[in-house]
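Breakdown of the fold
If you want the building blocks of each chain, they are given just below.
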Amino acid sequence: MTEPLPPLIESSLQIAWDFLGGLDEIDDAQQTAEFLLGNIKSQMLKGERRRLVLSNRAIDRFRRRASSQQ
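A closer look at the nonpolar core
- Ranked by size, the top nonpolar core spans twelve residues in total: Leu-8, Ile-9, Ala-16, Leu-20, Ile-26, Leu-36, Ile-40, Met-44, Leu-54, Ala-58, Ile-59 and Phe-62.
- Breaking this core down by element, the ones donating at least two residues are helix H1 (5–22), helix H2 (29–45) and helix H3 (51–68).
- Excluding residues within four positions of it along the chain, Leu-36 makes contact with Leu-13, Ala-16, Trp-17, Leu-20, Ala-58, Ile-59 and Phe-62.

Spelled out as structure tokens, the structure:
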């Protein structure tokens with residue numbers, strides 16, 4: 001059984017947010033939230049529905065983007 005989309009998006013975003021916040025990797029809250037949300041939505045449009053996969057991939061892409069901007 002799969003979760004309905006809005007709760008799935010919300011929980012995936014919260015997992016990613018809590019992880020990055022716990023490591024103090026969030027400099028701009030608005031920009032980070034928009035990036036994570038966009039990434040999660042993009043994955044879902046491709047068919048991904050596993051919460052931890054969504055959040056972990058969003059975290060990975062966020063960290064890669066942050067390291068390339070330094």
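Structure's up, so let's keep going.
Notes on H2
- An ideal rise of 1.5 Å per residue puts 24 Å on 17 residues; H2 measures up with 24 Å between its terminal C-alpha atoms.
- Considered for burial, the residues of H2 that qualify are Thr-32, Leu-36, Asn-39, Ile-40, Gln-43 and Met-44. Seen from one end, H2 has its buried residues packed into an arc of 135°, which puts them on one side. Residues Gln-30 and Leu-45 are exposed on H2 and point more than 90 degrees away from its buried face.

A few points about a negative patch on the surface
- On the surface, Asp-24, Asp-27, Asp-28 and Glu-34 cluster together to form a negatively charged patch.
- Here Asp-27 is to be found in the loop between H1 and H2.

Side note on the side chain of Gln-43
- For Gln-43, the location among the structural elements is in helix H2.
- Look at Gln-43 and you get buried, because its relative accessible area is 5%.
- Apart from the residues within four sequence positions on either side, Gln-43 is in contact with Glu-48, Val-53, Leu-54, Arg-57, Ala-58 and Arg-61.

Considerations on H3
- For H3, built from 18 residues, the straight-helix expectation of 26 Å at 1.5 Å per residue is met to within 8% by its first-to-last C-alpha distance of 26 Å.
- Those residues of H3 not exposed but buried are Leu-54, Ser-55, Ala-58, Ile-59 and Phe-62. Projected onto a plane normal to the axis of H3, the buried residues spread over an arc of 125° and lie on a single side. In H3, the exposed positions angled more than 90 degrees off the buried face are occupied by Leu-52, Arg-64 and Ser-68.

Quick notes on the rules
- Residues numbered from 1 in each chain as written.
- Predicted model: local features only at pLDDT ≥ 70, side-chain atom pairs only at ≥ 80, totals over all residues.
- Heavy atoms only, no water.
- Core = buried A, V, L, I, M, F, W, Y, C linked by side-chain atoms within 4.5 Å.
- Buried < 20%, exposed > 50% of the residue type's maximum accessible area, 1.4 Å probe, protein only.
- Helix = DSSP H or I, 4+ residues; strand = E, 2+ residues; numbered from the N terminus.
- Contact = heavy atoms within 4.5 Å.
- Expected span 1.5 Å × (residues − 1).
- Arc of directions from axis to C-beta.
- Patch = residues over 30% accessible without salt bridge, like charges linked within 9 Å, V, L, I, M, F, W, Y side chains within 5 Å.
- Areas by Shrake-Rupley, 256 points an atom, 1.4 Å probe, with all protein chains shown as cover.
- Salt bridge = Lys/Arg side-chain N within 4 Å of Asp/Glu carboxyl O.
- Lys, Arg positive; Asp, Glu negative; His and termini not counted.
- Charge placed at Lys NZ, Arg CZ, Asp CG, Glu CD.

That's the geometry; what it means functionally is another story.
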